[in-house]
Each structure stands twice: as structure tokens, then as C-alpha cells.
Amino acid sequence: CTGKSRPSGVDVARGLCEEILTEEFFSKHWEKTPLHFRAAERGRTANRLPDALSTDDVMALIRKSGHSLKMFKYGEASELDNFMAAYLEGSSMIVNQADRCNPTLYELCRALAKVHFMH
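Calculation rules
Residues numbered from 1 in each chain as written. Predicted model: local features only at pLDDT ≥ 70, side-chain atom pairs only at ≥ 80, totals over all residues. Heavy atoms only, no water. Buried < 20%, exposed > 50% of the residue type's maximum accessible area, 1.4 Å probe, protein only. Helix = DSSP H or I, 4+ residues; strand = E, 2+ residues; numbered from the N terminus. Core = buried A, V, L, I, M, F, W, Y, C linked by side-chain atoms within 4.5 Å. Contact = heavy atoms within 4.5 Å. Pairing = 2+ DSSP bridges.

Enquirer: When you look at unusual backbone geometry in this model, what are you seeing that I'm missing?
Expert: Most of the time, phi is negative for any residue but glycine, and the peptide bond is trans. Not every positive phi belongs to a glycine, and Glu31 is a case in point at roughly 55°. Given a relative accessible area of 74%, Glu31 falls into the exposed group. A positive phi angle, close to 55°, is found at Gln97, a residue other than glycine. If you trace the backbone, Gln97 turns up in the loop between β3 (92-95) and α7 (103-116).

Written out as C-alpha cells, the structure is:
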């Protein structure tokens, strides 16, 4: 145990808003072109999600996702029922509405919505 507390969803959102979701991002990249950078370019506070979610958290999220889990390999839906076997076989996974399966992701999405997405 390192003694460090994990960042909350609000903490993760704050880092994303300060370091990535800037006016430049929305004018140059949002729904136009991908943005890729190395952690060394923006520091660890830009994306704190790996610190906020453990491997166990992600596994629990996938287990809870039910029919919201979609698995694909080479652009085709995976025929395997077991997500762990599908992953080991090379499938990619998408969990629709993942914020409904994890409180940290829920906090993150709510904080981002409050700042950026007014409907």
C-alpha cells in the first residue's frame, strides 16, 4: 500500500479540463481529428484516470455492464460469450454507458457535463 488516495472522478475531470479540454482542443480537435500526446508532454495530472481506476475496478465494470458490453475483433462482433477469453483472443471492448457501472466514472461524467455540455 502506497498510502496515496486515489483521485475522485471530479479530480480526473479537473485535470482533463485544465490540460486537455481547452479552447484549442474544441476548435482544432473536437469531432474533427484525434489528439494524441505523451504523458511526458502534459504531465500526469492531464489524465488521472489510470490512477483513479484499478484493474479490479475495470473488471468489475465489465462484469456489471451486461448487454452494454460490445466486443469486436477485426471490425466484426466477437462470437465469444466470455469477455476475458474474447480479450485474450484480441477483441476490443466497448462498454456503453459505463458511467452507470462505476461511481468514479459517474462522477467524472457529471463533472465534465457540468462544465462542457449544456443541453
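Enquirer: What's the story with the nonpolar core in this structure? I'm lost.
Expert: In summary, soluble globular proteins display a tendency toward joint burial of nonpolar side chains. In this structure, Leu16, Leu61, Leu108 and Leu112 are the most contacted members of the largest nonpolar core, which totals 23 residues. Once you skip the residues sitting within four places of it in the chain, Leu16 turns out to touch Leu21, Ala46, Leu108 and Leu112.

Enquirer: How should I be thinking about the pairing of strand β1 (residues 69-73) in this particular structure?
Expert: Where β1 lies against β3, 4 bridges are found, and the strand directions are antiparallel. Note on β3: the bridge partner recorded for Phe72 is Ser92. When β1 meets strand β2 (residues 76-77), the two strands line up antiparallel, connected through 2 bridges. Across the sheet, the residue bridging to Phe72 is Ala77, located in β2. Adjacent in sequence and paired antiparallel, β1 and β2 are bridged by 2 residues, among which Tyr74 carries a positive phi angle near 55°.

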